[in-house]
Amino acid sequence: MGLMEGKRGLIFGVANDKRIAWGIARQLREQGATLGFTYLNGAVEKRVRPLAESLGSDLILSCDVASDEEIAAVFKEVEKQWGKIDFIVHSVAFADRDDLKRPFSQTSRTGFQLAMDISAYSLISITNAAMPVLKEGGSIVALTYLGAIRAIPNYNVMGVAKAALEASTRYLAAELGEKNIRVNAISAGPIKTLAASGIGQFKEKLKIMDERAPLRRTVTQDEVGKSAVYLLSDLASGVTGEIHYADAGYNITGA
Ligand code: NAD
């Protein structure tokens, strides 16, 4: 029997089959989970729908996480169709490319607000809206990166947003533990996705992984997915508020 058998959950952030969220979805499904998906807009829907259906999903909903109304509508629909859920994956982030290119001290006010809103605040808003369907407790996982705790070249405003996301993970975990809702984050190693290529010198980051990470390579989407299975399943029933590193060990040796 799979580790996720009998569990239902929602994944925010699949946009195509290269995304980390897709590796997570595949691994969760392999362990027996029933999955629902959200997508940003119509253009993304065209790619997400066939992927979601290939994993047997029929709950595929539109959601721009910048909108509390859209987030509320998602959970209303989840309640209508499923009644309750057991887990949520937050694999959403965004920053304006211009803000990532400029020196960090020149980050714009609007760019700062945008990165914070989409990449960090959305976790709080989603968790709050999900409370009525997390009826028997549950597990929430968000995706973060080492740039939250170290000044990684070119990660800039996204690093600040990830720091806020990691702090939000701890505050949500502290508040919701008494409801048996666990909240954790996975700090993934660099993986070549479309968004990642917006970060300057991304290729160099991958090369450094080959040289300095204990495993002498970076991780795959599916390896991050296996960490998500652990945190979302009963294997991690005693774990909350944790930043779990799925980065081939780079955080302990990387300069
Ligand atoms: P990604 O950064 O492209 O994923 C971001 C997702 O967010 C996309 O599916 C996009 O459609 C969605 N999104 C953006 N704005 C949105 C909005 N307003 N509403 C709803 N959805 C929106 O691809 P990824 O690299 O797979 O990243 C997934 C997560 O993993 C992100 O949180 C990212 O920061 C994190 N992460 C990525 C890496 C990496 O190297 N790729 C490493 C560590 C952590």
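Structure: see above.
Owing to the predicted nature of the structure, the values given are computational and were not obtained by experimental measurement.

Focus on the packing of aromatic side chains
A full pass over the atoms with the stated rule returns 3 aromatic pairs. A ring pair is formed by F12 and F75, whose centres lie 6.2 Å apart and whose planes are at 35°; its orientation type is tilted. Here the residue F12 occupies a position in strand 1 (residues 8-12), and F75 occupies one in helix 3 (residues 68-82), the gap between them amounting to 63 residues. Side by side, F12 and F75 carry an identical accessibility label, which is buried. When the ring of W22 is compared with that of F37, the centres are 6.5 Å apart and the planes differ by 40°; the resulting orientation is tilted. Here F37 lies in strand 2 (residues 34-39) and W22 lies in helix 1 (residues 20-30), a separation of 15 residues in the sequence.

Digging into the site of the ligand
Looking at the ligand, there are 26 residues lining it, with G13, R19, I20, I191 and T193 nearest. In this structure, V65 approaches the ligand through a main-chain N or O atom, which is 2.9 Å from a nitrogen atom. Split into classes, the residues belonging to the shell around the ligand amount to 18 nonpolar, 5 polar and 3 charged.

Observations regarding the sheet that holds strand 5 (residues 138-144)
Taking strand neighbours across the sheet as the criterion, the 7 strands line up as 3-2-1-4-5-6-7 in an open arrangement whose pairing is parallel. The open sheet is flanked by strand 3 (59-62) and strand 7 (243-246), the only strands paired with a single partner. Neighbour to neighbour, the strand axes of the sheet diverge by 20° on average, direction disregarded. Here strand 4 (residues 87-90) pairs with strand 5 via 4 bridges, running parallel. Bridge pairing in strand 5 links H90 to A142. Those strands touched by helix 3 are strand 1, strand 2, strand 3 and strand 4, and its axis lies near 160° from that of strand 3.

Structural notes on the side chain of R182
Relative to the helices and strands, R182 resides in strand 6 (residues 181-188). Of note is the side chain of R182, whose polar atom sits 3.0 Å from the backbone oxygen of L231. With residues up to four places along the chain from it excluded, the contact list for R182 reads G138, S139, I140, L231, L232, S233, A236, S237, V239 and T240.

Brief notes about helix 3
Given 3.6 residues per helical turn, the α-helix brings residues three or four places apart onto the same face. Helix length check: helix 3, at 15 residues, gives a terminal C-alpha distance of 21 Å against a target of 21 Å (1.5 Å per residue), a fit within 8%. Of all the residues in helix 3, the buried ones are I71, V74, F75, V78 and W82. Summarising the axial view, the buried residues of helix 3 lie within an arc of 90°, below the 170-degree limit, and thus occupy one face. Helix 3 presents E69, K76 and K80 as exposed residues on the side facing more than 90 degrees away from its buried surface. On the buried face of helix 3, the contacting elements are strand 1, strand 2, strand 3, strand 4 and helix 5 (109-130). Where helix 3 begins, one side-chain oxygen reaches toward the backbone nitrogen of E69, 3.3 Å away; that side chain belongs to S67. At the exit of helix 3 stands G83, carrying a positive phi of roughly 85°.

Conventions adopted
- Residues numbered from 1 in each chain as written.
- Predicted model: local features only at pLDDT ≥ 70, side-chain atom pairs only at ≥ 80, totals over all residues.
- Heavy atoms only, no water.
- Phe/Tyr/Trp six-rings, centres within 6.5 Å; stacked < 30°, edge-to-face > 60°.
- Helix = DSSP H or I, 4+ residues; strand = E, 2+ residues; numbered from the N terminus.
- Buried < 20%, exposed > 50% of the residue type's maximum accessible area, 1.4 Å probe, protein only.
- Near = heavy atom within 4 Å.
- Polar contact = N/O pair within 3.5 Å; in protein donor to acceptor, adjacent residues only side chain to side chain.
- Nonpolar A, V, L, I, M, F, W, Y, C, P; charged D, E, K, R; others polar.
- Pairing = 2+ DSSP bridges.
- Axes fitted to C-alpha atoms, helices over the stretch in contact; angles between N-to-C directions.
- Contact = heavy atoms within 4.5 Å.
- Expected span 1.5 Å × (residues − 1).
- Arc of directions from axis to C-beta.

Read these as spatial facts, not as claims about activity.
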